[in-house]
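# Examination of the molecular architecture
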Amino acid sequence: MFALAGREWDLLAGVFAPVHSPTTAVALELLGLPPAPAPDPDSGPVFPVDGTFLEIGAGTGVIAVSAALAGCTTVVATDISAQAVRNTAMNAERHGVADRLVPRHGDLFDAVGDGERFDTVYWHSNYVLAPDGYEYGADHERAYVDPGYRAHRRYLAEAPGLLTEGGTALLQFSERGDLGLLRRLAEECGRTLRPVRRCHLREGEETIELVLYEVCIKN
Ligand SMILES: C[S@@+](CC[C@H](N)C(=O)[O-])C[C@H]1O[C@@H](n2cnc3c(N)ncnc32)[C@H](O)[C@@H]1O
């Protein structure tokens, strides 16, 4: 169990733990999800009030549950970790949004049905780059590491295709990841990355920048 954003949350073993990483709290802030102040809508897209939200890699479900509590009508929350899917379901029950939050198990969009479309598609990604042939030593590494950025490449290629008219595909990325490679992959997929919002985190002596990008189709 942990506390975040004024609420208590269940935490299952092996699931990305917001209590050990401040990046989930930053995600709430970048998306403008309460209790973060709502961002100026003119500064870029925010989570879709009265709309549909797809979160890839929901982990404990803090973001997905917060989006449902903040007014999204339907939230689909996927994760490659079955334990994370269970954890999201527990937190949806705990906070009374199980009627509109659908946890699903699958790799990126594999659990999204044909024809399903969303106003916002979002991923707080596992941005640590490992060599393409890297084999995970333990399941929990999937929360941090993406070998060869294969999952990032697929996200860039496919996320915009799952949007409703006027919808937004978002990616939360850290400057600790390989932004150069991410941009090259975006280019290869015919996408551009538009920074929407930034946040700075102090980690010891270092300041880390986390950026919310919009994945746009290149004209
Ligand atoms: C950085 S964590 C973020 C977790 C949660 N969204 C949060 O902010 O607390 C990344 C999450 O993505 C999941 N993940 C990694 N690769 C995935 C994939 N290919 N498909 C779906 N989920 C994936 C991990 O299991 C992990 O829960």
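Bear in mind the structure is a predicted one, so any value in this text is a computation, not a measurement.

The rules behind these values
- Residues numbered from 1 in each chain as written.
- Predicted model: local features only at pLDDT ≥ 70, side-chain atom pairs only at ≥ 80, totals over all residues.
- Heavy atoms only, no water.
- Core = buried A, V, L, I, M, F, W, Y, C linked by side-chain atoms within 4.5 Å.
- Buried < 20%, exposed > 50% of the residue type's maximum accessible area, 1.4 Å probe, protein only.
- Helix = DSSP H or I, 4+ residues; strand = E, 2+ residues; numbered from the N terminus.
- Contact = heavy atoms within 4.5 Å.
- Near = heavy atom within 4 Å.
- Polar contact = N/O pair within 3.5 Å; in protein donor to acceptor, adjacent residues only side chain to side chain.
- Areas by Shrake-Rupley, 256 points an atom, 1.4 Å probe, with all protein chains shown as cover.
- Nonpolar A, V, L, I, M, F, W, Y, C, P; charged D, E, K, R; others polar.
- Pairing = 2+ DSSP bridges.
- Axes fitted to C-alpha atoms, helices over the stretch in contact; angles between N-to-C directions.
- Left-handed = near helix turned anticlockwise from the far one by under 90°.
- Salt bridge = Lys/Arg side-chain N within 4 Å of Asp/Glu carboxyl O.

### Describing the nonpolar core
- Among the nonpolar cores identified, the biggest contains 33 residues, and L31, L33, F53, I63, V75, L101 and Y122 are the most heavily contacted of them.
- When contributions to this core are tallied by element, the ones reaching two or more residues are β1 (2-4), α1 (23-31), α2 (62-69), β4 (74-79), β10 (191-203) and β11 (206-217).
- In terms of residue count, the dominant contributor to this core is α2 (6 residues).
- What Y122 contacts, discounting residues up to four positions off in sequence, is A27, L31, F53, L54, E55, I56, I63, Y155, L170, Q172 and L212.
- Within the second largest apolar cluster, 29 residues are counted, among which are Y149, L162, L185 and Y213.

### Some points on the site of the ligand
- Surrounding the ligand, one finds 19 residues, the nearest of these being T24, D79, D107, L108 and H124.
- In the environment of the ligand, an oxygen atom lies 2.6 Å from a nitrogen or oxygen atom belonging to the side chain of D79.
- Taking 600 Å² as the accessible area of the ligand by itself, protein coverage stands at 96%.
- Looking at the shell around the ligand residue by residue, the classes come out as 8 nonpolar, 7 polar and 4 charged.

### Description of the pairing of strand β6 (residues 118-124)
- Of all 7 residues in β6, 6 are buried, a share of seventy percent or more.
- Relative to β6, strand β3 (residues 52-56) runs parallel, the two being bridged by 4 bridges. Bridge pairing links I56 to W123 in β6.
- Across 6 bridges, β6 lies against strand β9 (residues 163-174) in parallel orientation. When the sheet's bridge partners are listed, V121 is paired in β9 with A169.

### As for the environment of G51
- Turning to its location among the elements, G51 is positioned in the loop between α1 and β3.
- Residues within four places of G51 in sequence aside, it is in contact with G71, C72, T73, T74 and D119.

### Quick look at the packing of α1 against α2
- One can describe the packing of α1 onto α2 by two numbers: an axis separation of 10 Å at closest approach and a directional angle of 30°. For the pair α1 and α2, the crossing hand works out as right-handed. Contacts from T24, A27, L28 and L31 in α1 reach V62, I63 and S66 in α2.
- Across the contact of α1 with α2, the residue classes tally to 5 nonpolar, 2 polar and no charged.

### Remarks on the pattern of salt bridges
- Going through the model one piece at a time under the given rule, you end up with 12 salt bridges.
- Of the charged contacts in the structure, one is a salt bridge between R153 and E188, with a shortest N-O distance of 2.7 Å. Within this pair, whereas R153 is found in helix α4 (residues 150-158), its partner E188 is found in helix α5 (residues 179-188), the two being separated by 35 residues in sequence.
- The class for R153 is partly exposed, based on a relative accessible area of 35%.
- Between R154 and E158 there is a salt bridge; the shortest N-O distance is 3.1 Å. Here R154 and its partner E158 are both found in helix α4, 4 residues apart, which amounts to about one turn of the helix.
- Residue classification places R154 among the partly exposed residues on the basis of a relative accessible area of 23%.

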